[in-house]
Each structure stands twice: as structure tokens, then as C-alpha cells.
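Geometric and topological summary
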Amino acid sequence: MERKLEANAQVRDCRWPLIQRGRRLPMRVKDLSKGDRPRERLMASGAAALADRELLAVLLGSGFRGASALDLASQVIAHCGDLGGLGRSDPHRLLALPGIGPAKAARVTAAFHLVRRAEALPERERITSTSDLAHACAPLLHGRAQERLVMVACDTGGRVLKRAVLTEGASDHTVLPIREVIREVLTAGGAAFGLAHNHPGGSLDPSPEDLEATARLLEAAETVGLRLLDHVIISDGAWRRIPL
């Protein structure tokens, strides 16, 4: 009897690997090659390269037993009907799905709400001409007793991302820190930028130092793929473009 039970156990042990090989196990995200994983693809190619479920999988972070983050993302979208339905869903509706706990439900809901807030913001100021640049910088330069350098960083469409005073010097000069300018634009995520500085004495004529620094900055910007829109000199009542 014992020999028979032992023989049956051996048969089961031999069959188990066959059963496992025949069973279709769920593919985990970490089993994918690095080039196919959503998070790695997003970092390498940008969010636009990912499908809806891949973007949601990045947001979810993980799946649950028997389902990868990609599987779970597909289930969430299907549960809500489509991406629009997901964006309008209450977090408690998401909790009805296996694998979605309070943390994941809150994270997804918060992400869509941030998008709605961003879309509700007023249209960003745009720089489409030298005049636009001068008017954007003038409030930071008018009435100053010292020379100031102002930088405006823009996206590819000319929308203003950042406006900042970079340096403030004496009554007749200020420095143009090329590396700092480039770093500030890149940190702001800009693709283009404009500069303006004031001449407290009222002259709109660029100095030799203005011309030389502008030429060096133009060269540095092109080296890193940025576009220098313009450099203007501003007085309290007028402005003048420095030729590039």
C-alpha cells in the first residue's frame, strides 16, 4: 500500500511541471524587456509614445496577484467605459475593482483632477514678437536706478514659462552670465528665451559689451538647442532691439 502511494506521488510530481508549462501564467511588467516597460519607455521616448493603458499602468505602479499593472490598467479603463469615464469617476467607484485599494484610487483621481485644474488656468502670456518681449519685461525694469537683466523662458509655442531677474549691477552696467542664463532656461523646461536689460541713463544704444555678450549667448544657446528670441534694451519710455 505504501509503495502504491509513493508511486502515485511520484506520478503527481512528474506531472506538475507539465501542468505548469501548459498553464498560461500572466505576464508581469518586470518580465518585459526594459525597452518595453511603460516607465522606461516614458523616460526614453516621452509620455506621447505610450498608449492609454501604459500611462495608467505607470500611475498605478503595480498590479495584483495574477494581473500585471498593464492588465490592471486595462481592467480599470474597461470598468469606467473609456478614458473620459475614468477621468470623471469617483475614487469609490474604482475601489470596486480587485487590485485597486485606497492609495491607487486616490492617486488616479488626483492625477485627473490636476489635469482639470491645469486646463482651467488662464492662457499663458505668449511672446510672438520683440514688442511682446519688451512689454513682458518692462515692469521689472522701469524706474530702476541700476541696470537689471531680465530673462523670459518660453515653450515652443512662445508661451511664457518663467520670467526672472537674473542680475542687478551698477548704474551703467551689469553682467550677462551666459551659463546661468542657459541653466535657468533649461531648468524651466524652455525651448526659447528672450532677454532685456535697462539703461537707467535713458540711452537705447547697445554698448560694445552688450553686442559681444549677445553674440556669445546666441552661440551658446544654439549649442544646446535653445533659441534666443531677442535681446532688448529698455528705458522708461522706449525700447530698442539689439541685432542678433
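The rules we used
Residues numbered from 1 in each chain as written. Predicted model: local features only at pLDDT ≥ 70, side-chain atom pairs only at ≥ 80, totals over all residues. Heavy atoms only, no water. Helix = DSSP H or I, 4+ residues; strand = E, 2+ residues; numbered from the N terminus. Contact = heavy atoms within 4.5 Å. Areas by Shrake-Rupley, 256 points an atom, 1.4 Å probe, with all protein chains shown as cover. Buried < 20%, exposed > 50% of the residue type's maximum accessible area, 1.4 Å probe, protein only. Arc of directions from axis to C-beta. Axes fitted to C-alpha atoms, helices over the stretch in contact; angles between N-to-C directions. Parallel < 35°, antiparallel > 145°, perpendicular 65-115°, else oblique. Left-handed = near helix turned anticlockwise from the far one by under 90°. Pairing = 2+ DSSP bridges. Right-handed = clockwise from strand over helix to strand, strands pointing away. Salt bridge = Lys/Arg side-chain N within 4 Å of Asp/Glu carboxyl O.

**Side note on the overall build of the chain**
Helices and strands together make up the secondary structure of the chain, namely ten helices and five strands. In the chain, 58% of the contacts between residues at least 6 apart in sequence involve partners at least 24 apart. In the structure as shown, the chain presents an accessible area of about 15,000 Å², 54% of it carried by carbon and sulfur atoms.

**Quick notes on helix α3 (residues 52–60)**
Three or more residues of α3 are buried, namely Glu54, Leu56, Ala57 and Leu60. Relative to the axis of α3, the buried residues are bounded by an arc of 165° and lie together on one face. Looking at the buried positions of α3, the neighbouring elements they touch are α2 (38–45), α4 (69–80), α5 (83–88) and α7 (102–120). Glycine 61 sits one or two residues past α3 and shows a positive phi near 90°.

**Description of the packing of helix α9 (residues 178–187) against helix α10 (residues 208–223)**
Running from N to C, α9 and α10 point in directions that differ by 45°, and their axes come no closer than 10 Å. Judged on the interaxial angle alone, α10 and α9 are oblique. You can see that α9 and α10 cross each other, and the crossing is right-handed. The segment α9 lies against α10, with Ile178, Val181 and Ile182 engaging Ala213, Arg216, Leu217, Ala220 and Ala221.

**Digging into the pairing of strand β4 (residues 227–234)**
When you tally the buried positions in β4, you get seven out of eight residues, the bulk of the element. By the bridge criterion, six bridges tie strand β3 (residues 192–198) to β4 in an arrangement that is parallel. Across the sheet, the residue bridging to histidine 197 is isoleucine 233, located in β4. Read from β3 through α10 to β4, the crossover connection turns out right-handed. Where β4 meets strand β5 (residues 239–241), three bridges bridge the pair, whose relative direction is antiparallel. Bridge pairing in β5 places isoleucine 234 opposite tryptophan 239. The antiparallel hairpin formed by β4 and β5 contains four residues in its connecting segment.

**A closer look at helix α8 (residues 130–137)**
For α8, every residue scored as buried is listed here: Thr130, Leu133, Ala134, Ala136 and Cys137. For α8, the angular spread of buried residues about the axis comes to 165°, placing them on one side. Looking at the buried residues of α8, the elements they touch are β1 (148–154), β2 (160–168), β3, β4 and β5.

**Re the packing of α3 against α7**
Where α3 contacts α7, the two axes come as close as 9 Å, and the packing angle between them is 125°. Taken together, the axes of α3 and α7 lie oblique to each other. As α3 packs across α7, the resulting crossing turns out to be right-handed. Contacts between α3 and α7 involve Leu56, Leu59 and Leu60 from the first element and Lys104, Arg107, Val108 and Ala111 from the second.

**Some remarks on the pattern of salt bridges**
The full count for this structure, using the stated rule, is eight salt bridges. With a closest N to O distance of 2.6 Å, glutamate 184 and lysine 162 form a salt bridge. Taken together, the residues glutamate 184 in helix α9 and lysine 162 in strand β2 connect sequence positions 22 residues apart. Note on lysine 162: relative accessible area 30%, which makes it partly exposed. Within the structure, one salt-bridge network assembled from shared partners comprises Arg144, Arg148 and Glu168.

**Observations concerning the pairing of β1**
Where burial is concerned, most of β1 is hidden: seven out of the seven residues are buried. Neither face of β1 is open: one carries Arg148, Val150, Val152 and Cys154, the other Leu149, Met151 and Ala153, and all of them are buried. As paired elements, β1 and β2 share seven bridges and run antiparallel to each other. By the bridge assignment, arginine 148 is partnered in β2 with glutamate 168. Connecting β1 to the antiparallel partner β2 that follows it, the hairpin turn spans five residues, and glycine 158 within it adopts a positive phi of roughly 85°. Pairing analysis gives six bridges linking β1 to β3, with the strands arranged antiparallel. Residue pairing for β3: methionine 151 is matched across the bridge by leucine 195.

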